[in-house]
Every structure is written in structure tokens, then in C-alpha cells.
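Structural overview
In case you want the letters, here they are:
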Amino acid sequence: MNLPKTSFPMKANLVQNEPASQKRWAKAGLYEQLRKARKGSPKFVFHDGPPYANGSIHLGHVLNKSLKDFVVRSRSMMGMDVPFVPGWDCHGLPIEHRVVGDLVAKGKADKLAELPVEAQHSAIRKACAEYALKQVKLQAGQMQRLLTMADYENPYLTLHPSYEGAVLEVLASLFEQDLVYRALKPVHWSVANQTALADAELEYMDREDLSVYVEFEAMDAVAVYAAFGIDEAARDERELGATPSFMIWTTTPWTLPANIAVAVHAESSYALVRVDGSVVVLAEDLVKQVAAKGKAEDVEVLATAKGGSLVGLRYKHPFVNEVPPCGLGQAVDEAKVWSLVAADYVTMEDGTGLVHTAPGHGQDDFQTGVREKLPVYCPVRGDGTYDESTPDWIRGKSIWDANSEIERWLAKSGHLFSSERFMHSYPHDWRSKTPVIFRCTEQWFVAVNGPTKHGGKGLREMALAEAKENLAFVPAWGKSRLVGMLESRPDWCISRQRSWGVPVPAFYREDGSVFTTAAVVRAVAAVIADKGTDAWYTMSAADLLSGYDAASDPQLDGPMPEPQTLSKGWDILDVWFESGASWNGCMRARTGEFPMEVYLEGSDQHRGWFQSSLLCSLGMMGTPAYKGIVTHGFMVDKDGKKLSKSKGDTVEDLFSNYGADVIRWWVSSLAYDGDMKVDEAFFKVAGESYRKVRNTVRFLLSNLDDYDHDAHGSSPSDWPATSIDAWVLTRYEKLASKVIGAYERYAFREAHQAMYDFCNETLSSVYLAAVKDRLYCDSLDSERRRRTQCAMHLLTRGLSSLLAPLLPHTADEAYRSLIGAEQDAEASVHLATFDAGFGAPQDDRWNAVLKARDAGLAAMELARSKSDLDNPLDTGVTLADTDGILAAFDSTDLADLLGVSRVGFGPTVSVQDLRDEPRCERSWKRDSTVRERSDGGLLSDRDAAALGLA
RNA sequence: GGGCCUAUAGCUCAGUUGGCUAGAGCGCACCCCUGAUAAGGGUGAGGUCACAGGUUCGAGUCCUGUUAGGCCCA
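Please read these numbers as outputs of a predicted model, since none were measured by experiment.

**Observations concerning the sheet that holds strand E27 (residues 902-906)**
Within a sheet, each strand pairs with its neighbour through backbone hydrogen bonds, oriented either parallel or antiparallel. Pairing in this open sheet of three strands is mixed, and the strands run E27-E26-E28 from one edge to the other. For this open sheet the edge positions go to E27 and strand E28 (910-913), each flanked by a neighbour on one side alone. Pairs of neighbouring strands in the sheet enclose a mean axial angle of 25°, with direction left out of account. Both strand E26 (residues 875-880) and E27 contribute to a ladder of five bridges, which runs parallel. The residue of E27 that forms the bridge with glycine 876 is arginine 902. The strands touched by helix H29 (residues 846-866) are E26 and E28; relative to E26, the strand with the most contacts, the crossing angle is about 130°. Relative to E27, helix H30 (residues 891-898) is tilted by about 110°, and along the sheet it contacts E26 and E27.

If you want it as C-alpha cells, here you go:
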């Protein structure tokens, strides 16, 4: 008897064994070896989107990095050269926020504030860099534990000087095309720290504030009455002599000096109301509520009208007479100042339905201002005091003191309808715990409509054309998503007022004007590419500009300022601009590759990296950085709800409970377009399914213990097409083409499914069950047995290569066991390519055989239910072979396929009880040749021969 | 509120351009094997395809709306 034997264990023990594989690959330099081996092969240029270097990796990273690794490994095994450089996004607010938080906690913040500004930036930056590098190390370790293959020795980091220089190259190119401009934008502003704040730096706390109902007197009474359908005759009749007012409500009276317009909702109904003698306009639904606030006694609704018909009506500002100065670089329509405009965000929840609009002091207000060409007026200075343009009674005063001052003024002048103190949740600066304000500041923007050097087209136009016509999207809906976002996106605000990032290389003259051109940016970029962005904070303007030649700068407007008179700006670039230049900072810089084949990221990146990369590359190169994008959805919990951060296992737990291969096996089973549910139970299921595949491979290996492919192998092309071994290899060929095709389409789930089904059905249930008898009972060297072993050897080799992209450890373990290379550190399936097939002849009549097998099994099931005939080896089956096809096949193969002792052919299917016949003690088959042999055993001829008995 | 997407057996998913008695695996139930054995094999029960309309000879598949959920905006 030749029973199975193998050192490939049933229990995978991935938690111990995977790190060993990892070490072995590292020691053998697998990544470098693969580069060498694939040198000169067609390249597949795949580019890693840099994850943010903060904290332990989570399931989203596991998904993303696994999918990327499937791509890298599968393309590589198709024979392509797939260099893959992992990257990290190292700059930005979350790190700075975290680091500064630590400084505050350690009581170092006050000390820091005493330093000169350069030194403050440098101190924070130093701490940020240390922190970021630590995070990169942590995440890289976890990603490697996930068994992803990449150039971890040489990752790209956005804080590398060469990378930073490359980012500025892109910026310079945009400057060159006059696509970069400065304009106002409202931001959260901390008066205490005199700095802009990001959302993450806000803390909402309760605060008592003053809210006021204010009447803005209409400029043209007749027009207002007309808008409500009241003509002059009707006015006389109803004794409406008063000039109507527009009633607004605000919780920030200090922004009233900056009032530019009043917004109404075009579709809502507004009422003209007589309130204690005066006539006011407010939302119909809010009349009662507002009247109650003012303790009005006599309230009468005179008429109603849609908000849309009020648009354009003008009013007098209660205390500002001259049209305020307009915002930087923005066109102004003076006719619209102090008039009613329409806006969607106006609600009938509270207030009056007429919204005080100060474009310099609110996000919505700003949008409205830009749309309506209103002045973006911000009379508040960085220290929270009013500037010179305001009325003298508040000029120079703090906005917080101004609230009551303004209330008094309004009351005195008869504009105040009502006022009250109230509590509300209000954003505060997380560091100083003081309330923040909205304030317009100057920011850098990239114009998405301005003409580029690429045929004069705008970035948006170019991006849309590429997305619509040239880019490949997997899944297809990525196109409409990207297109939708490109169509509606505003100009790109690329500046931030922070320390941790790449500075915008802008200098300022003594009069405050900006001195920056493409050549200036390039000169600074050269310094930074060499010394890093720290140089911006440590070097003088003159030194930074040492490589700048004013004489050859076509963009220089006027004389070159003396470098000593220039000061540096402290704006840094949006991190999305940095990562959006990774095609330049990583790929072009290293390998000259451009454009990339594909980017693969979560669907949130349609707004993020996909878009920033597209705009940056189109701007500089005129070509998209990638030919296509693959998108995946997000993890949700088992009920389909958003995954909470605190819930569930950490990735470290998953590694130590299941191992990377099981996790990857699970990832490969996911329909990754759309949301993916995660639950502890799913990893258990994946583990079960993994074990099934593993056991199949183990069984293959365990029957190859005495097989030496060089000595015993044969060429499948010589095998009879009717042999079961030829059949199984043709099935493998179908599998391979399906799996490789799926890999090409990034359809990993299909590949997973196909391989799982192949192991289960084709191998475990049909083929391997059938060939057991010959493997165990034929003589060791019988031609039939060796041929089956050859098929099994090829199947193991082929299957381990097909599995390798998904299960790098297990596939390599199997492959190395197969070729007997357990001691050879360099042998690896990952250096191999996929086996598409082995040239076995195909015979279409196998379909009939498999149908006959099903019919036979069904007949046996039926027979079993009607008798005690339980063991298939106690039965013989007569198969219906009406067209004589089955007779062409080996009857032993047919019997083994059914697991019975004998088959015959007849007009219909039937089952015979063979328990009267003698049973071979060795093979347990009922056979007419069984008789007592020389050693006293009951054996069939075949088994006797195998034992050398007569 | 807007854009894009998802909704098929208890669970994970297939279902090309509308034509099926709606499929597969897991799980479950029953049975076999005991020479892949903390394995292997066979059989079976599970669905008004989220809901409501509409187009059509015919709709899981197309259209409209609703509900629930996700990503990104506002």
C-alpha cells in the first residue's frame, strides 16, 4: 500500500510560519530578484497612493494594501515587470495637531510662543518629522506583516527633500501658466492665537451670546409693496404710508458692519406684516414666532409673496453709508450691494427667513457673495478689532465688545426690533479655549478654468475630456463620479496657515505686495530639493534666491527687489497638492515612468488623490498621471452601518488570530465595489474555506512523496484524451484561463471563487476521489500511477502559482514542498509565472462521462434509500450508454469516478449488489479476480501483482 | 439638500444586451466512509429578487417614486 505521506501539515500555523516566510523572502532579496528576473519584460507601472502616516493601520488599509498586492503579484506572475514603491503622506494637520497637542500637554506651548516665528515653525516641524517617521516605520511593519511585496527598503515619503522639490516643480509649472492666484476666503480664525484653524482644531462649547432682530429699511417702498401685489390705490385705501423694513435675525451682531446683502429662499412664502404700526417683511411661517419675540400686540398679515419675487429689492444699511471696498481680485456688482438675493440654505427653522449676509464672515455668505459678485468685505483685523473702514464709534474696538455697542446703536436709531441673550454651541479654539470667528484671509488658489499652455484649455476642461474619453474605470461608475465632481468643483485652495508642510515659496516686498514667479519657485525648489523644506525656515530670502536670475525671468514685473528687503510667507501647501504630485515626486523622479497604468484607492479619492493627481499632471504634463483607476468601497459593520473606530478587532489582533493569508483570502472574496461588511465571524468562515484549499493541496502533495518529476514524469500531450489525467489537466487549463483573465480585470473575487470551486469540485470531489485507488494500490511504478502523479505534480505547481497572488505564504510553502526545496532559501513560487496549461489533449466526450457519473450517483442514492446497500464499493453500476460514447473510456476510470467496484453498460441506469462476490482485502473492491494468494490473503490480480505475489 | 453607489435564500455572492421551474458556496438537516481523519464523499430543505407604481406578450434585469445604508459634498 502506498498511503499518503507529507511534511506539509494540515494545520497551517500561519501566525508562526508567515513571519518565517517573510524573513526568508527578505533574506533572499525577493523584490530585487524579481526586478532582475523581469528586466526587459513589458512593464506594468503601478503607483501606490500614500496613506497618511498616523497610527496603526486599520481594516481600510488592509483592504487597500491587499488589493494592491494582488495586482502587483498577479501582473508579475503574468511575466510583467511590476516595480512597486510604497509611499507615505507625512505632512499635514493631523500630525501637527497631535504633536502640538503633546507640546501643550507637556506645558511647552507658552515657551514656544515666545520664540521668533521661524524658530516656532522649526521646533514644531522637527517634532512632526520625528513623529511621522515613527509612524511610517510602524505602518510599514504592519504592511509587511500582511505579506505585501514592495520596495520597502526605499519607500517614497512626502517629507523627502527630493520629493518636496518635485512638488514645487509642479507648482512652478502652474505659476508659469498664471494658474496660481491669491484671493480671499473665509476661514475659522483664532483671535487669541491670530491664526487660521482647521475643522479638527475646533471644539464646540456652550457660550452665551446676543441675538438681535433688526429692521433694514427698504430703499424703495413702492417697489416692496408692488412685489406683494399692492398698488398705490390699495395702499391709500389701507392707509399704508410706512416704508417697509426687511427683518433679519443674527447671533453675531458684530458682523453687521460687514453686512452686504440679505438672503431669502426663492421658493418660500414671505409675508408683508403690519406690526404695531410699522410694516415689515418676514417669512410667513415665522410671523407668530417673531412677533412674540418683539412682544408685538397688533399683528396683521397684509399680503404674501414668494421669496423669488423679492430678489433685487434694496435696503439701507442701518449705519454704513458707503459701499465697502471689494475683496481682493474679485469683480463686484455694486447694484447688488444691500439688496435681497436668493440662497438655498435659507431655512424656516428659526430667525425670520431673511438671512443677514456678510461674505467676509461666513462660509455660506461667502459662496453667495462670490456667486452674486458682492464685495467680500472683512473689516475685522487679525487681532479681532475693527479696521479703519468702519464707523468711528466702533473703529479699533474688539468685536466682542462691539456686540452690545451695536445693539445700543440699533436701539437708539430705531432699527432694533428685539434682542435677547441665549446659550448655544459655538466653535472654540482647542488650544486657547477661546471662541473663534469666521474671517476672510488671503489664500493661494489654482484656477481650474484659466487657460493652460496645453492648447489654451482649462484644467477642468482637460480633466473632463480625459475622464469622459480616455481613462479606464473599474468599476465603470467611477467615471460619472469623477466627472460629477470635476464639473462642480471650485478653484483649488492650495494654501494653509500651518507649519508642517511644504512652504509656498512666496516672498513679500516691504509694501506687502507679493513677489513670486515660476522662476522664483524653481530657484527655491532647487534649494529645497537639496536641503529640504526646513531651509525655508532657516535660510534668508537672499540665500533662498541665490539661484534666481532676475534678468532671465519673463514673469518679473518691475525691478528686482533687494533680497534683504524681502520677507518670507508662512503659508504651506495643501497636502493634497503634495500627494497629487506623487507621479512626479516618486515615479518620474525615480524611473522616468509616466504616465502610470493604474491608481487603486477607495471611492473617497475621487475627490482626493485621483483628482489632485489628475489636475497636477494635466497642469504640468498635459497628460493624466494614470491611464485608469480602480476603486473600492468601504468597510461597514455586519448591519451595513458605518464602522466605528472603537469597535472590533485591531489589525494586530487579526494577524495573531488568523494570519495574513486568511485575512487576504477573505479580502479576495469580497465584492469590493460597494460596501463590504466586516464581522469577526467572516474571518472564521474565510479560515474554513482556506483550510479546504489547503487540505486539497496537502492531499496532492501527500501522494507525491515517492514521485520524482524528472525521473517519473511524462508529457501530457502523449496521454490518451480519454484518460482521467488528461481530463483533469484540461480542466486546469480552463481554470487558469479563467483565473488569469479575472486577475487582468482586477476581479479577484472571481479568481478566488474559481480556485475554491476547482479545489472542491474538480479535485476533491471528483478527480482525487477517483484516483485514490490507483495511487494506493497500484504498484509503485505502474504507468497508470505515475501518470496520475505527474498530473498531480503539474496541478500542484499550477495551482500554487495561481494562488500565489492571494496566498503568498501558503502558495510558497506548497511550491517549495513540491519541488523539495525546503532548504533552499531562494526557491520561490513568486519568481515563477502562471502555468496556463500543460498541453493535455481534450476530449469533449468527457461531458457525457460526467453526466453519466451524476446519473450513476443518483441511482446509487436511490438504491441506498431502498436497501442496506451503503458502501459504494459493494456495488456495481450499469450506465446508460445509448450512443456508445462511454465504451470508449477506460472502465476502471469510470468505476473509480463513481467510487464503485465495477461499471457496465446497458440501456438504462441500474445498481447491482456485489456483496456476493469476494472482496479484495487490499483495495476493498469486489472483483472477479479475487482469490486466495500464496500468503493466504484474498487479493485481486492487480493487488497481488503489486505485492509480487502469485 | 445635491452627486455617485448599494439592496437577490440565515450568511457571502452569481445572475451578459428584459425570456428560468431565480443559481453557487457557507451554514443547517439527513446519510455514507473511516487508508486525506481536528479530514473526505453523497442527498436535501431554504427566496412574493427592499417597498410602491409604470413600460412590455413577458421584468431580479428598463423607467419613476419611497425606504434603509455607504462615500463625497453642501
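**Let's talk about the protein's contact with RNA strand B**
For RNA strand B, the set of nearby residues contains 37 residues, the closest of which are Gly640, Arg691, Arg749, Tyr776 and Arg922. Sugar plus phosphate, as a fraction of atoms of RNA strand B within 4 Å of the protein: 80%. At a separation of 3.2 Å, a phosphate oxygen of RNA strand B approaches a polar side-chain atom of lysine 772. Of all the secondary structure elements, the ones that give two or more residues to the surface near RNA strand B are helix H14 (478-488), helix H23 (680-702), helix H26 (748-777) and H29.

**Section: unusual backbone geometry**
Between valine 474 and the following residue, proline 475, the backbone shows a cis peptide bond with an omega angle of -10°. In the segment running from phenylalanine 594 into proline 595, the intervening peptide bond is cis, with an omega of -5°. Relative to the helices and strands, proline 595 resides in the loop between helix H19 (582-591) and strand E22 (596-602). With a phi angle near 65°, leucine 147 is a residue other than glycine that sits in the positive phi range. Relative to the elements of secondary structure, leucine 147 occurs in the loop between helix H6 (117-145) and strand E2 (156-157).

**Here we look at the environment of glycine 40**
Position of glycine 40 relative to the elements: it lies in the loop between helix H2 (30-37) and helix H3 (59-77). Residues glycine 40 and methionine 80, spaced 40 residues apart in sequence, show a C-alpha to C-alpha distance of 9.0 Å.

**Digging into the sheet that holds strand E14 (residues 436-446)**
The antiparallel open sheet is built from four strands, whose spatial order is E4-E3-E14-E16. Two strands bound the open sheet, and with one partner strand each, they are strand E4 (195-197) and strand E16 (492-493). In terms of strand pairing, strand E3 (residues 180-190) meets E4 through three bridges, oriented antiparallel. When the bridges of E4 are listed, histidine 188 appears paired with leucine 197. Across the face of the sheet, helix H11 (residues 363-372) comes into contact with E3 and E14 while running at roughly 155° to E3.

**As for helix H25 (residues 724-744)**
With 21 residues, H25 extends 30 Å between its outermost C-alpha atoms, agreeing within 8% with the 30 Å of an ideal straight helix rising 1.5 Å per residue. Along H25, 15 of the 21 residues are buried, which leaves the element largely enclosed by surrounding structure. In the stretch just after H25, tyrosine 746 is the one whose phi turns positive, near 60°.

**Quick word on empty space enclosed by the protein**
Counted under the stated rule, the structure contains five cavities of 30 Å³ or more. Approximately 70 Å³ is the volume attributed to the largest cavity. Lining the largest cavity are Phe8, Val693, Arg694, Val697, Thr796, Leu799, Ser800, Leu803, Leu807, Thr810, Ala811 and Ala814. Elements with a contribution of two residues or more to the lining of the largest cavity: H23, helix H27 (783-803) and helix H28 (808-818). The residue inventory of the lining of the largest cavity, partitioned by class, reads eight nonpolar, three polar and one charged.

**As for the packing of H25 against H27**
Taken N-terminus to C-terminus, the directions of H25 and H27 make an angle of 5°; their axes are 10 Å apart at the nearest point. The orientation of H25 with respect to H27, classified from their angle, is roughly parallel. Within the contact between the two elements, H25 uses Asp725, Val728, Leu729, Tyr732, Leu735, Ala736, Val739, Ile740 and Tyr743 and H27 uses Arg784, Arg787, Thr788, Ala791, Leu794, Leu795, Gly798, Leu799, Ser801 and Leu802. Classifying every residue of the contact of H25 with H27 gives 13 nonpolar, three polar and three charged.

**What to know about the pattern of salt bridges**
For the structure on display, the rule yields 56 salt bridges. One salt bridge connects arginine 784 with aspartate 778, and the closest N-O pair in it is separated by 2.8 Å. In this structure, lysine 925 and aspartate 896 form a salt bridge, with 2.9 Å as the shortest nitrogen-oxygen distance. Here aspartate 896 lies in helix H30 and lysine 925 lies in the loop between E28 and strand E29 (931-932), a separation of 29 residues in the sequence. For the residue pair lysine 925 and aspartate 896, the accessibility class agrees, reading buried in each case. Connected through salt bridges with shared partners, the residues Asp773, Arg774, Asp778, Arg784, Asp893, Asp896, Arg922, Lys925, Arg942 and Asp943 form a single ionic network.

**A closer look at a positive patch on the surface**
On the surface, a cluster of positive charge is made up of Lys106, Lys108, Lys111 and Lys134. With respect to the element layout, lysine 108 can be found in the loop between helix H4 (93-105) and helix H5 (109-113). Of the residues examined, lysine 108 reaches a relative accessible area of 44% and is grouped as partly exposed.

**Overview of the confidence of the model for chain A**
Looking at chain A, pLDDT values average 92 and 99% of them are 70 or higher. The complex model carries a pTM of 0.91, and its ipTM stands at 0.96.

So, how was this worked out
- Residues numbered from 1 in each chain as written.
- Chains lettered and ligands numbered in written order.
- Predicted model: local features only at pLDDT ≥ 70, side-chain atom pairs only at ≥ 80, totals over all residues.
- Heavy atoms only, no water.
- Pairing = 2+ DSSP bridges.
- Helix = DSSP H or I, 4+ residues; strand = E, 2+ residues; numbered from the N terminus.
- Axes fitted to C-alpha atoms, helices over the stretch in contact; angles between N-to-C directions.
- Contact = heavy atoms within 4.5 Å.
- Near = heavy atom within 4 Å.
- Polar contact = N/O pair within 3.5 Å; in protein donor to acceptor, adjacent residues only side chain to side chain.
- Expected span 1.5 Å × (residues − 1).
- Buried < 20%, exposed > 50% of the residue type's maximum accessible area, 1.4 Å probe, protein only.
- 1 Å grid on protein atoms, 1.4 Å probe; cavity = no way out; pocket = protein on both sides within 12 Å on 5 of 7 lines; lining within 4 Å.
- Points joined across faces, edges and corners; volume = space filled by probe spheres on them.
- Nonpolar A, V, L, I, M, F, W, Y, C, P; charged D, E, K, R; others polar.
- Parallel < 35°, antiparallel > 145°, perpendicular 65-115°, else oblique.
- Salt bridge = Lys/Arg side-chain N within 4 Å of Asp/Glu carboxyl O.
- Patch = residues over 30% accessible without salt bridge, like charges linked within 9 Å, V, L, I, M, F, W, Y side chains within 5 Å.
- Areas by Shrake-Rupley, 256 points an atom, 1.4 Å probe, with all protein chains shown as cover.
- Lys, Arg positive; Asp, Glu negative; His and termini not counted.
- Charge placed at Lys NZ, Arg CZ, Asp CG, Glu CD.
- pLDDT = per-residue confidence, 0-100.

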